[in-house]
Amino acid sequence: MSELKVPNDEPTGLTPRVDAAVENLRAALRGPLIGPDDPSYDEARTVWNAMINRRPALIARCRRSADVRTALRFARDHGFPVAVRGGGHNIAGTAVCDAGMVLDLSLMRAVHVDSRRCVAHVEAGCTLGDVDFATQAFGLAVPTGINSTTGIAGLTLGGGFGWLSRRHGLTIDNLISADVVTADGSLLHANENEHSGLFWGLGGGGGNFGVVTSFQFQLHSVGPEVVAGLVIHPLEKAAEVLRVYREHATALPDHSAVWVILRAAPPLPSIPAAWRGRNVVMLAAFHSGSSDEGDRILLPFRSTGTPIADTIGPRLYTVWQREFDPAMLSGARNFWKSHDLAVLTSDAVDVLVRHAERAPTPQCTIFVGQVGGAISRVPPERTAYPHRAASFKVNIQARWTEPGQDDACVAWARAAFEELTPHATGGVYVNFLTADEAERVTAAYGVNHERLVRLKGEYDPANVFRMNQNIRPVSGPSTIASWPPPGP
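Structure report, in brief. A quick note: this is a predicted structure, and the numbers were derived from the prediction, not measured. (Residues numbered from 1 in each chain as written. Predicted model: local features only at pLDDT ≥ 70, side-chain atom pairs only at ≥ 80, totals over all residues. Heavy atoms only, no water.)

**With respect to helix α3 (residues 65–77)**
Under the 1.5 Å per step criterion, the end-to-end length of α3 is 18 Å for 13 residues, consistent within 8% with the ideal 18 Å. Every buried residue belonging to α3 is among Ser65, Asp67, Val68, Thr70, Ala71, Leu72, Phe74 and Ala75, and all of these are buried. Positive phi shows up at Gly79, right after α3, with a value of about 75 degrees. (Helix = DSSP H or I, 4+ residues; strand = E, 2+ residues; numbered from the N terminus. Expected span 1.5 Å × (residues − 1). Buried < 20%, exposed > 50% of the residue type's maximum accessible area, 1.4 Å probe, protein only.)

Take a look at the structure:
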């Protein structure tokens, strides 16, 4: 064989390259280089969302920043489009591209905790579970998301919110610095004093400005025990339950958060067998203070009606961080639609409940994540992430297993989204955007979009990093819909 083969025999516009160039790249990397003929190829190209079925030409599994620089240089020199994979969890599937180069960081999973300074150095291939495991050994944590298999890199670069965010801010509000390989192959250390514009853009601007290979985070004392759990009611009681929820949620202190989940009851040990698979409304409650304080603060959410189950109590923070993993396993087909809400109005509640009743599969979920608190006290222009005034983030998660259900599930999510639109702010969390929502990127960045466009023109004028929710420079190539770009 004398030429590099591109999978699927599809036209790519790429000039064929001799194997020697690929072998030179393979020899230069510390990590493995995977091509279509490798036995591990299909596993390496698979991401969390089974709707994504892209076939890259090469996958460079990087072990160091030097690997990233070497593989990026090869991709640039040989005309390959570039995708960057951290945890591979992104709903839009941006971690993999057709007929291009994937820079796979999943082998870069070291975490170093400086407990004296309350700082963590985290490599970009880590999952949230990796970070929690290392930091909780010292009774410390960084605010992240709610699913332990999510990649820390993608979560952080989009903003990052979860149970601790009302008390300690978004993940990006706790970012001290980052090491970044930029489009020209430079390795930069960005913080508030060095490359400060780039550092600002990393605070919610996604992967638009380079490949972050490591992060430094501020840590906070958390746990090891917190007060957390679920209060579960039949869906027909949702209106009553959510009226009480709405009344008390706005009065919660910053170290508490209660989220709403509408879906078919999953097969959890805490749920009576007779209710599994039936539609329910769940209040997921969290408090990072003392047990006695948590019991008092969360009591109003537990004393409404007669719940099917109430599991609130002391538990390890690391255990609670894995609570929803079984509902978010890799391998299902997913399509999401999302809105920011300032107020959870009665009309909005009616929309959510009505569409929860119509969910086409038991895995389909509508969740309402409570934000605010410390998040809202940061000015919108302080970071690239602008939507500080939102009180709730609604994510309509269509989830199923059979391709024959695609149309019904996508239609369900879109219908719920459209009906909820009049009650929303117009803002959206960039990490919740699907691949067909390029027109919402401007809304995701709001007042900061123009500054991000200028920053993109400074650090990536050729739009090398466009396999993302793309911030397009004025003269750069278009978004992922145009991939791969025309060849020479």
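Now that the structure is up, let's keep going.
**Quick word on the environment of Asp19**
Topologically, Asp19 is positioned in helix α1 (residues 19–28). Asp19 gets classed as partly exposed once you look at its relative accessible area, which sits at 21%. Note: C-alpha distance between Asp19 and Leu341 (322 residues apart in sequence) is 53 Å.

**Some details on the packing of helix α8 (residues 238–249) against helix α11 (residues 346–357)**
Between α8 and α11, the shortest axis-to-axis distance is 11 Å and the interhelical angle comes to 140 degrees. Of the possible angle classes, the one that applies to α8 and α11 is oblique. Once α8 is placed against α11, the crossing between them reads as right-handed. Across the interface between the two elements, Ala238, Leu242 and Arg246 from α8 touch Ser346, Val349 and Val353 from α11. For the contact of α8 with α11, the residue count by class is four nonpolar, one polar and one charged. (Axes fitted to C-alpha atoms, helices over the stretch in contact; angles between N-to-C directions. Parallel < 35°, antiparallel > 145°, perpendicular 65-115°, else oblique. Left-handed = near helix turned anticlockwise from the far one by under 90°. Contact = heavy atoms within 4.5 Å. Nonpolar A, V, L, I, M, F, W, Y, C, P; charged D, E, K, R; others polar.)

**Observations concerning the state of the cysteines**
Applying the stated rule across the entire model yields zero disulfides. Looking at the unpaired Cys97, the closest cysteine sulfur is the one in Cys62, lying at 13 Å. Looking at Cys118, it has no disulfide partner, and the nearest cysteine sulfur is the one in Cys126, 19 Å off. (Disulfide = S-S within 2.5 Å.)

**Quick look at the layout of surface pockets**
By volume, the second largest pocket is sized at about 460 Å³. Around the second largest pocket, the lining is made up of 23 residues, and of these Thr46, Arg85, Gly87, Gly88 and Ser330 lie nearest the centre. Partitioning the lining of the second largest pocket into residue classes produces six nonpolar, 11 polar and six charged. (1 Å grid on protein atoms, 1.4 Å probe; cavity = no way out; pocket = protein on both sides within 12 Å on 5 of 7 lines; lining within 4 Å. Points joined across faces, edges and corners; volume = space filled by probe spheres on them.)

**Some words on the pairing of strand β9 (residues 187–190)**
Of the two faces of β9, the one holding Leu188 and Ala190 is buried and the one holding Leu187 and His189 is not buried anywhere. Bridge count between strand β8 (residues 175–181) and β9: four bridges; the pairing is antiparallel. The partner of Ala178 across the bridge, within β9, is Ala190. Here β8 folds back onto β9 in antiparallel fashion, the turn holding five residues, of which Gly185 has a positive phi close to 90 degrees. (Pairing = 2+ DSSP bridges.)

**Details of the packing of aromatic side chains**
Each pair of aromatic rings is reported with the distance of its centres and the angle of its planes. Per the stated rule, a full pass over the model turns up 19 aromatic pairs. Where Phe215 meets Phe217, the ring centres are 5.5 Å apart and the plane angle is 15 degrees; that geometry is what we call stacked. On the basis of relative accessibility, which here comes to 0%, the residue Phe217 falls in the buried class. Over the face of the ring belonging to Trp275 we find Arg278, whose NZ or CZ atom lies 3.7 Å from the ring centre. Seen from the ring of Trp200, Arg451 lies directly overhead, with NZ or CZ sitting 3.7 Å from the centre. (Phe/Tyr/Trp six-rings, centres within 6.5 Å; stacked < 30°, edge-to-face > 60°. Lys NZ or Arg CZ within 6 Å of the ring centre and 35° of its normal.)

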